[in-house]
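Observations on the model geometry
Here are the chains, one letter per residue:
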Amino acid sequence: MNSTVSIILSAVAAFGITAVLGFGIIPWLHKLKFGQTILEEGPKWHKKKQGTPTMGGIMFIIGIFVAAAIVLIINYATGNKLGLTGDASTKLWAGLVMAVAFGFVGFADDYIKVVKKRNLGLSIAQKSVAQLVICAGYLTSLFLAMGKDPYMFVPFVGRVGLGFWFWILGVCVLYGAINAVNFTDGIDGLCSSVTATAAISFIAISVMHKCFGVGIIAAALLGGCLGFFVWNKYPAKVFMGDTGSMFLGGLVVAIAYALDCPIILLLVGFIYVVEAMSDVIQIGYFKLTHGKRIFKMAPIHHHFEMCGWSEKKIDAVFCIVNLIAGVIGVAVMSLGGFMG
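Residues numbered from 1 in each chain as written. Predicted model: local features only at pLDDT ≥ 70, side-chain atom pairs only at ≥ 80, totals over all residues. Heavy atoms only, no water.

1. Considering the pattern of salt bridges
Tallied over the entire structure, the rule returns five salt bridges. Salt-bridge contacts for D109 lead to K127; the nearest nitrogen and oxygen are separated by 3.1 Å. Of this pair, D109 sits in helix α3 (residues 86-114) while K127 sits in helix α4 (residues 124-145); the two residues are 18 residues apart in sequence, bridging distant segments of the chain. By relative accessible area, D109 is classed as buried at 0%. For K113, the salt bridge goes to D242, with nearest N and O atoms at 3.6 Å. Remark: D242 occurs in helix α8 (residues 241-258) and K113 occurs in helix α3; sequence separation between them is 129 residues. By the burial criterion, K113 is buried, and D242 matches it. (Salt bridge = Lys/Arg side-chain N within 4 Å of Asp/Glu carboxyl O. Helix = DSSP H or I, 4+ residues; strand = E, 2+ residues; numbered from the N terminus. Buried < 20%, exposed > 50% of the residue type's maximum accessible area, 1.4 Å probe, protein only.)

As structure tokens, this is what we get:
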């Protein structure tokens with residue numbers, strides 16, 4: 001199958017499967033009474049969202065995997081390996097397993113919230129330990145795949161050996177990205193639409209450098225996010241929950257590592273960085289000043305809500321900003337000498 005056709009088919013299939021699943025999964029979540037609990041410290045107007053089904057991330061997890069599997073199997077059957085050989089193959093497959101593992105942690109968190117009626121779900125310590133264990137497992141698989149000589153592509157520098165820093169950087173990127181994507185899932189449609197723009201940038205990088213296997217996964221991510229957005233846009237009929245946001249965090253990291261450049265997430269996932277840093281800055285400033293705040297509420301999308309922006313406007317502006325940063329990221333990868 002032609003590589004470009006494969007990427008398009010992956011995106012279209014993931015969109016269709018995810019969108020269609022909404023007709024069955026959303027009523028099922030309603031029936032199980034898996035409704036979102038809105039915390040008291042959140043914006044007061046979010047109380048009207050109380051009871052909206054959560055854990056809807058199951059929809060795009062299924063859509064992404066089924067679509068990507070169909071396209072990849074067809075290509076392998078016809079002898080087209082799509083560049084997925086050697087450590088590139090391990091990085092992507094291990095990344096998919098890692099994303100699912102994070103999704104399971106998110107599922108456990110959601111389950112405790114909606115079934116066990118414990119509003120905060122897993123404790124911070126429980127969630128952090130689970131995330132760090134998954135990080136360690138994924139990084140170990142990459143370390144072994146690269147012949148115990150870990151490296152990373154750095155734009156305008158080239159392939160850089162990381163040595164011990166491979167582990168430090170890896171934990172920071174993985175742990176940071178997972179939680180940053182989770183922070184972005186705070187209003188209707190935001191996380192799914194921002195992640196769709198990140199996927200577009202990943203597809204462009206993959207196609208330009210003939211990493212078509214990675215492009216197929218990125219295309220499935222794009223289609224899955226857009227298919228979910230059909231149901232998640234304002235006013236949302238379903239939320240992705242931590243099940244979905246943690247899976248998405250894992251998948252965007254997996255794609256970045258499969259492209260040998262995890263630091264490109266600083267541009268391709270620029271909004272994730274802004275969301276996470278706004279929370280860190282808010283907490284740090286609050287503690288240093290004994291109660292003062294920089295933002296009206298953090299993460300920063302809530303600040304703009306408090307300033308009177310509608311959820312639709314926040315979605316649109318954040319997506320445009322992330323897409324612009326993504327275009328810069330694509331240019332940096334191209335002009336910086338990335339060879340795939």
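Read on, since the account is not over.
2. Regarding a nonpolar patch on the surface
Taken together, the side chains of L9, I62, V66, I70 and I74 make up a nonpolar region of the molecular surface, amounting to roughly 340 Å² of accessible area. Per element, the largest residue contribution to the nonpolar patch is four residues, and it comes from helix α2 (residues 57-77). Locating I74 in the fold gives a position in helix α2. (Patch = residues over 30% accessible without salt bridge, like charges linked within 9 Å, V, L, I, M, F, W, Y side chains within 5 Å. Areas by Shrake-Rupley, 256 points an atom, 1.4 Å probe, with all protein chains shown as cover.)

3. Observations regarding the pairing of strand β1 (residues 151-154)
Of the two faces of β1, the one lined by Y151 and F153 and the one lined by M152 and V154 are each fully buried. Sheet topology places β1 next to strand β2 (residues 158-161); four bridges connect them, and they run antiparallel. When the bridges of β2 are listed, F153 appears paired with R159. Linkage of β1 to β2, two consecutive antiparallel strands, is achieved through a turn of three residues, within which F156 is found at a positive phi near 70°. (Pairing = 2+ DSSP bridges.)

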